[in-house]
Amino acid sequence: MKWECKGWIGLWLWTVVLLALCPLLLTQKIGDPYKILGIHRKASLTEIRKAYRQLAKEWHPDKNVDPNAETRFVEIKQAYELLSDSERRQAYDSFGITNEDDHLYKPRHDYSTYARYSNDPFEELFGAHFRTQDQDITLFHKLSVTARHFENNIVEKSIHTPALVLFYTDWCFDCVRSAAAWRRLVEALQPLGVTMATVHAGHEASLARRVGVHGVPCLTFVLDKHVYIYKEGLASLPKILEFIRWKFPYKLVSAIGDSNVDGFVSDFEDNKVKALIFEERQNIRLRYLITAFHYRDRVAFGFVDMRLRDSHNVTGRYKVQRHMDTMVLLKEDSSEPAATVSTNEIPTQTLHQLIDSNQMLTLPRLSSQSVLESVCPVEWRAARRRLCCVLVCGGGAAGDAARRALRQLARAPPERLHYAYVYAHKQPDFIHALANGSGSDISEMEHRIVIIWRREPTRIQYEWLNETWPTCTHAHCVNDHLPADPAIRAELLKYHERLNETKRALDQLIKRLLKPTEVMAYEAHVQELLDEAALGAVRRAWRTLREWAERGAAALHTQRAVSALSVLATVALVLGAGYLMAYLIRVEEESVQRQKEERKKQNGSGKKNNNEIQSELRLHELRAEKYNGLVRLLKPGCRTIVLLVDMQSRVQLLSKFHKIVWPYRKNKTLLFAYLCVERNIVWFRRVLQLSLGGGELRLNARNCVGTVLALNPHRKYFCIYHAKHPECAKPHKRMSRMTRSLGESGMGDPEAGAFIGFHTEPDSSSADESPDPPVLMQENLLDGLENWLDRLFEGSTHRYYINYWPDMTTK
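Reading the values: the criteria
Residues numbered from 1 in each chain as written. Predicted model: local features only at pLDDT ≥ 70, side-chain atom pairs only at ≥ 80, totals over all residues. Heavy atoms only, no water. Core = buried A, V, L, I, M, F, W, Y, C linked by side-chain atoms within 4.5 Å. Buried < 20%, exposed > 50% of the residue type's maximum accessible area, 1.4 Å probe, protein only. Contact = heavy atoms within 4.5 Å. Pairing = 2+ DSSP bridges. Helix = DSSP H or I, 4+ residues; strand = E, 2+ residues; numbered from the N terminus. Axes fitted to C-alpha atoms, helices over the stretch in contact; angles between N-to-C directions. 1 Å grid on protein atoms, 1.4 Å probe; cavity = no way out; pocket = protein on both sides within 12 Å on 5 of 7 lines; lining within 4 Å. Points joined across faces, edges and corners; volume = space filled by probe spheres on them. Nonpolar A, V, L, I, M, F, W, Y, C, P; charged D, E, K, R; others polar. Phe/Tyr/Trp six-rings, centres within 6.5 Å; stacked < 30°, edge-to-face > 60°. Lys NZ or Arg CZ within 6 Å of the ring centre and 35° of its normal. Disulfide = S-S within 2.5 Å. Parallel < 35°, antiparallel > 145°, perpendicular 65-115°, else oblique. Salt bridge = Lys/Arg side-chain N within 4 Å of Asp/Glu carboxyl O.

A. Main features of the nonpolar core. In terms of nonpolar packing, the biggest core is built from 56 residues, with Leu 164, Trp 182, Leu 189 and Phe 248 touching the most fellow members. Not counting residues within four places of it along the chain, the set of residues in contact with Trp 182 comprises Leu 139, Phe 140, Leu 143, Leu 164, Leu 166, Met 196, Ala 197, Thr 198 and Leu 219. Ranked by size, the runner-up nonpolar core spans 52 residues in total, among them Tyr 674, Leu 697, Val 708 and Leu 785.

B. The sheet that holds strand β14 (residues 522-525), seen in detail. Pairing in this open sheet of five strands is mixed, and the strands run β11-β10-β12-β13-β14 from one edge to the other. Only two strands of the sheet have a single partner each, and these edge strands are β11 (417-423) and β14. Strand-to-strand, the axes of this sheet are offset by a mean angle of 35 degrees, without reference to chain direction. Relative to β11, strand β10 (residues 387-393) runs parallel, the two sharing seven bridges. Bridged to Val 392 within β11 is Val 422. Set on the sheet, helix α19 (residues 396-410) makes contact with β10, β11 and β12 (448-454); between it and β11 the angle comes to about 165 degrees. Contacting β10, β11, β12 and β13 (459-464), helix α21 (residues 486-513) runs over the sheet at an angle of about 15 degrees to β12.

C. A look at empty space enclosed by the protein. All told, the structure shown has two cavities of 30 Å³ or more when counted by the stated rule. By volume, the largest cavity amounts to about 40 Å³. Considering the residues around the largest cavity, the lining is formed by Arg 639, Tyr 717, Cys 719, Leu 792, Gly 795, Thr 797 and Arg 799. Residue composition of the lining of the largest cavity, grouped by class: three nonpolar, two polar and two charged. Roughly 30 Å³ of volume is contained in the second largest cavity.

D. Spotlight on unusual backbone geometry. Going from Val 216 to Pro 217, the amide bond is cis rather than trans, its omega being -5 degrees. Of note, Pro 217 is situated in the loop between α12 (205-211) and β3 (218-223). Despite not being glycine, Lys 225 has its phi angle at roughly 65 degrees, a positive value. Structurally, Lys 225 can be placed in the loop between β3 and β4 (226-230). Exposure remark for Lys 225: the relative accessible area of 44% places this residue in the partly exposed category.

E. Spatial organisation of the packing of aromatic side chains. Going through the model one piece at a time under the given rule, you end up with 16 aromatic pairs. Pairing Tyr 52 with Tyr 80 gives two aromatic rings, centres 4.1 Å apart and planes at 10 degrees, and the pair type is stacked. Taken together, the residues span a long stretch of sequence, with Tyr 52 in helix α4 (residues 45-58) and Tyr 80 in helix α5 (residues 69-84) at a distance of 28 residues. According to the relative accessible area criterion, Tyr 52 is buried, its value standing at 9%. Members of the aromatic cluster, each reached through a chain of ring pairs, are Phe 221, Phe 248 and Phe 293. Its end group placed over the ring of Phe 264, Lys 274 keeps NZ or CZ at 5.4 Å from the ring centre. A cation sits over an aromatic face here: Lys 274 above Phe 268, 5.5 Å from the ring centre.

F. Local environment of the environment of Val 375. On the secondary structure map, Val 375 appears in helix α18 (residues 369-375). Once the C-alpha coordinates of Val 375 and Cys 389 are considered, the two residues, 14 residues apart in sequence, prove to be 9.8 Å apart. Not counting residues within four places of it along the chain, the set of residues in contact with Val 375 comprises Met 360, Pro 364, Leu 366, Cys 388, His 418, Tyr 419 and Ala 420.

G. Looking closely at the state of the cysteines. Across all of its chains, the model carries one disulfide by this definition. Through a disulfide, Cys 376 is tied to Cys 388; the S-S separation comes to 2.2 Å. Of this pair, Cys 376 sits in the loop between α18 and β10 while Cys 388 sits in strand β10, and the two are 12 residues apart along the sequence. You can call Cys 388 buried: its relative accessible area is 0%. You can see Cys 389 has no disulfide; the closest cysteine sulfur is in Cys 388, sitting 7.5 Å from it.

H. Looking closely at the packing of α4 against α5. In contact at an axis separation of 10 Å, α4 and α5 are set at 170 degrees when each is read in the N-to-C sense. One way to sum up the angle between α4 and α5 is to call them roughly antiparallel. Along the contact surface, α4 presents Leu 45, Ile 48, Arg 49, Tyr 52, Leu 55 and Ala 56, while α5 presents Phe 73, Ile 76, Lys 77, Tyr 80, Leu 83 and Ser 84. Looking at the contact of α4 with α5, its residues break down into nine nonpolar, one polar and two charged.

I. Expanded view of the pattern of salt bridges. Tallied over the full model, the rule gives 32 salt bridges. Put simply, Asp 400 and Arg 403 hold a salt bridge, and the shortest N to O gap is 2.3 Å. Placement of both Asp 400 and Arg 403 in helix α19 is noted, with a separation of three residues, approximately one turn of the helix. According to the relative accessible area criterion, Asp 400 is partly exposed, its value standing at 38%. Residue Arg 403 is classed as buried on the basis of its relative accessible area, which comes to 7%. For the salt bridge of Asp 807 with Arg 632, the shortest nitrogen-to-oxygen distance reads 2.1 Å. You can see Asp 807 sitting in the segment after β20 (800-801) and its partner Arg 632 sitting in helix α25 (residues 627-632), a full 175 residues away along the chain. Take Asp 807: its relative accessible area is 56%, and that puts it in the exposed class. Overlapping salt bridges bring together Glu 279, Arg 281, Arg 285, Arg 287, Asp 325 and Glu 345 as one network.

J. Spatial organisation of the sheet that holds strand β2 (residues 195-200). The strand order across the open sheet formed by four strands is β2-β1-β3-β4, and the pairing between neighbours is mixed. The open sheet has two edge strands with one neighbour each: β2 and β4. Strand-to-strand twist of the sheet, defined as the mean angle between neighbouring strand axes without regard to direction, takes the value 25 degrees. Relative to β3, strand β1 (residues 163-168) runs antiparallel, the two being bridged by five bridges. Pairing of Leu 166 across the sheet is with Leu 219, part of β3. Each of β1, β2 and β3 is contacted by helix α11 (residues 179-189), which is oriented at about 150 degrees to β2, the strand it contacts most. With respect to the sheet, helix α13 (residues 237-247) is in contact with β1, β3 and β4, its orientation differing from that of β4 by roughly 155 degrees.

Given below as structure tokens:
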């Protein structure tokens with residue numbers, strides 16, 4: 001049957017077919033999606049769609065007779081699906097992840113064969129059909145470890161092998177939802193050399209507390225004996241990979257180009273083999289980064305981005321093929337690579353096999369105890385003794401020539417023999433032990449050969465070569481050809497002749513000492529070698545500061561730079577505002593202090609009189625002449641605080657009122673006044689009537705003493721304070737009680753303050769109210785004014801609204 005589809009209808013049908021055949025098409029390898037669509041890496045989504053439409057029309061199998069049209073159309077479709085998804089595109093740009101890369105989208109392993117635990121709470125609660133493959137937590141139990149295993153194995157081995165540990169519990173729905181994401185992580189990272197494990201937080205509660213786990217599921221990353229907690233969800237795999245990549249040591253892999261490749265491959269003073277990783281990408285793959293961390297003590301890794309112009313010479317030097325990942329291992333004895341591997345993706349197992357067989361230099365330096373263990377392993381049996389031929393030397397041209405001559409012997413050493421050298425000035429304890437054990441002079445140790453047999457970790461047997469290893473200071477000593485100058489030529493011939501004699505003597509000594517019946521001349525007790533790569537406290541601190549500075553500078557070029565800068569700008573703005581406020585307060589305090597000092601100088605005394613205090617806080621008398629200025633014509637936002645007094649209580653109450661309102665003297669929106677109730681009782685009664693809706697009120701002027709009014713003239717309301725005013729949580733009941741009390745014809749005792757509901761009779765609706773309060777003395781009327789002022793400025797006091805401000809008559 002032949003399908004004939006035209007235009008977009010045919011394209012739609014082919015899309016449906018491709019979606020149906022998606023599991024089969026996933027077995028194909030996706031190339032560079034940008035090259036497939038012919039767009040640049042910073043192309044927008046609109047440009048991606050435009051390129052896809054054009055190529056889809058051109059390579060549609062119904063319109064293109066090319067036999068490869070169908071394959072090409074599938075590639076275009078897959079490239080478009082990858083780049084149109086922002087998360088998958090970010091994963092590819094950052095880590096090179098496509099549908100098949102890093103085992104992320106390959107057919108999942110079937111975990112249904114694993115034995116199910118009978119105590120699975122979800123299976124017991126919901127039945128066996130509850131758990132699907134995405135919700136199967138069997139893998140959690142399979143990878144579960146104890147606290148002892150976590151501390152003794154995972155943490156201890158994290159100095160070379162990173163680990164990803166998930167804390168979980170059985171009764172955790174979030175853990176069930178995260179099972180599929182954890183399975184993808186296991187399939188992606190376990191083949192790369194990452195230890196994957198889980199910890200039951202309920203069974204290992206103490207470990208969870210020590211690590212800092214506050215909830216489950218909790219993903220942690222263990223690296224170099226440090227535990228880092230991932231604080232986001234497990235749904236986004238690219239974010240987890242970015243989190244892991246960020247925790248590796250900064251500049252673990254050096255960026256190499258034509259400008260610095262010579263210095264990298266020729267500097268073996270760090271006693272490490274050089275490994276160059278060639279890729280066509282901006283960042284090194286995570287698999288190579290993990291391998292570089294695993295062998296960081298033995299191998300120095302460099303990364304070459306083959307897309308850059310600065311990498312053409314180094315790529316041609318080592319004959320690296322394009323579109324292929326390549327690793328080149330280099331040693332110090334030859335410009336040719338010691339090993340090379342090239343493929344689309346170098347498997348982690350292949351990387352480890354090559355590096356394990358080439359992780360030591362041809363002539364390594366005993367720079368640490370671990371190097372000594374590798375070069376000179378312990379062997380107590382005489383029949384299988386392993387010898388180590390060590391050259392004691394120093395720096396300079398003479399040391400370089402001596403090491404080069406010994407390196408020629410080290411290229412093809414006899415069985416059970418290794419060659420090495422040691423710096424006398426960097427391992428003084430080791431050299432002193434050798435000198436004391438043989439009775440030699442420490443000053444004559446340089447450029448001598450010692451044969452070592454390590455029978456025990458701290459005890460060695462050794463013997464010195466009688467001849468001193470020949471040295472040469474001429475530059476021609478490192479070249480194979482002889483110069484034309486007769487004098488230098490004769491000197492070099494003499495040097496090579498002496499060198500050959502010394503080599504023959506060394507060969508005879510080695511053959512003799514390899515015999516199981518031969519006994520070495522000396523024995524010594526040695527301590528562990530110093531780690532020459534270890535840094536002091538000051539250098540570590542400086543290195544950490546420089547690392548974070550470089551990380552910050554590199555972060556400015558990422559997508560998170562804007563958010564990071566906004567956070568820093570916000571913090572800087574808050575700190576700047578706080579500093580400005582503190583500065584203004586300090587300036588104001590200094591200004592007030594200067595005014596006080598000037599005032600003291602003018603008066604000749606440090607005491608303030610009453611006139612000065614009164615000038616700083618003026619208490620106006622509210623009467624008809626000042627009524628407009630204090631009430632009616634007051635500006636919006638301003639309030640007048642009025643105290644009601646009589647002639648008998650005026651002095652005592654005004655003095656206490658003055659002290660209470662003194663802290664508010666600098667508030668420009670407040671005016672303070674007092675009202676004589678004997679002369680203005682009519683005005684006060686009228687204000688109360690307007691706020692309560694009219695009605696006849698009978699007020700006793702004596703009972704009104706100590707009342708404070710907060711007038712807001714613009715919004716036409718006032719707040720009232722009195723020692724017996726019934727401020728409570730239910731204003732409507734209070735207002736009803738006030739209305740009934742103010743409307744009563746027969747008033748109770750005037751001293752009880754019944755003029756505005758300060759005393760109410762119990763009724764049926766409030767039978768549980770408290771009994772009548774006791775009679776207040778005059779000096780206690782303003783005791784609660786401070787708290788009331790606080791509530792007034794908070795806005796929590798009750799407001800009494802009026803339609804207009806009544807006139808104030810003059811008597």
